[in-house]
Amino acid sequence: AAARRAFADEGAAIIGVGTASSLYDIEGFYDSLSLTRVVQTCLDQGYPPVILLLELVTFVSARVLQWLGAPSSDAVQPLSSIVGGSKSGVFIARNFLYRALSAVHAKWMPRGIASLSWIDDINQRAEGLRSRVVAGLLGAGHHFAQEVASLGLRLSQKSVVVANDPSLARDIAAVRVC
């Protein structure tokens, strides 16, 4: 998929069409989630309560770090968060972000801004005339930042812009709000 996008971006550049992506990361995503909010959001979206309960027991139970040949750590009791690398953690995280991503997608996809999600890493991509690409990515990025803030989270400052034209990337980065 990445090679296909790179090839399409090069082809677009040849015919004078700008393409750009804004890549966002939600700051401290797994450590910042309120379990109360996660439970309410998942239940509101029809997540099976029994399965949610079983998964949450894993998240709120004490954790111990263990290395081969070394003594285990003292038990750590998590105060919030879900386990980032677990399958159920990924599914619950996607469920938690679903409404925010859906709202951004519904508003901006008809305007040519595609949003792709890898849990807490978001890629918003635009293609077209320079002014449309800049305005679209800025609008979609601002909307996404608002949606994320409504969940009690925020976008990381390490977010980046990638474009098929360096000056287009500079234009977007110079005026981006997040």
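Our subject is the structure listed above.
**Examining helix H4 (residues 49-60)**
Every α-helix winds through 3.6 residues per turn, so residues three or four apart in the chain are directed the same way.
At step 1: Its 12 residues place the ends of H4 16 Å apart at the C-alpha level, agreeing with the 16 Å of an ideal helix rising 1.5 Å per residue.
At step 2: Among the residues of H4, Leu52, Glu55, Leu56 and Phe59 are the ones counted as buried. Summarising the axial view, the buried residues of H4 lie within an arc of 105 degrees, below the 170-degree limit, and thus occupy one face. Exposed residues lying more than 90 degrees from the buried face of H4 are Val50, Leu53 and Leu54.
At step 3: The secondary structure elements touched by the buried residues of H4 are helix H3 (35-44) and helix H5 (87-108).

**Looking at the sheet that holds strand E2 (residues 114-118)**
At step 1: The four strands lie next to each other as E2-E3-E1-E4, forming an open sheet whose pairing is antiparallel. This sheet does not close on itself; its edge strands, each paired only once, are E2 and strand E4 (160-163). Between one strand axis and the next, the sheet turns through 20 degrees on average, direction left out of account.
At step 2: Helix-sheet contacts for H5 involve E2 and strand E3 (121-128), and the interaxial angle to E2 is about 170 degrees.
At step 3: Those strands touched by helix H6 (residues 130-150) are strand E1 (18-25) and E3, and its axis lies near 155 degrees from that of E3.

**Things to note about the packing of aromatic side chains**
At step 1: Going through the model one piece at a time under the given rule, you end up with three aromatic pairs.
At step 2: Plain terms: the ring middles of Tyr24 and Phe144 are 6.2 Å apart, the flat faces sit at 45 degrees to each other, and that makes the pair tilted. One end of the pair, Tyr24, is in strand E1; the other, Phe144, is in helix H6, with 120 residues separating them in the sequence.
At step 3: Note on Phe144: relative accessible area 1%, which makes it buried.
At step 4: A ring pair is formed by Tyr47 and Phe91, whose centres lie 5.5 Å apart and whose planes are at 45 degrees; its orientation type is tilted. Residue Tyr47 is located in the loop between H3 and H4, and its partner Phe91 is located in helix H5; the two are separated by 44 residues in the primary sequence.
At step 5: Residue class for Tyr47 comes out buried when judged on its relative accessible area of 6%.
At step 6: A relative accessible area of 48% means that Phe91 is categorised as partly exposed.
At step 7: Over the ring of Trp108 we find Arg111; its NZ or CZ atom is 4.6 Å from the centre of that ring.

Each value, and the rule that gives it
- Residues numbered from 1 in each chain as written.
- Predicted model: local features only at pLDDT ≥ 70, side-chain atom pairs only at ≥ 80, totals over all residues.
- Heavy atoms only, no water.
- Helix = DSSP H or I, 4+ residues; strand = E, 2+ residues; numbered from the N terminus.
- Expected span 1.5 Å × (residues − 1).
- Buried < 20%, exposed > 50% of the residue type's maximum accessible area, 1.4 Å probe, protein only.
- Arc of directions from axis to C-beta.
- Contact = heavy atoms within 4.5 Å.
- Pairing = 2+ DSSP bridges.
- Axes fitted to C-alpha atoms, helices over the stretch in contact; angles between N-to-C directions.
- Phe/Tyr/Trp six-rings, centres within 6.5 Å; stacked < 30°, edge-to-face > 60°.
- Lys NZ or Arg CZ within 6 Å of the ring centre and 35° of its normal.

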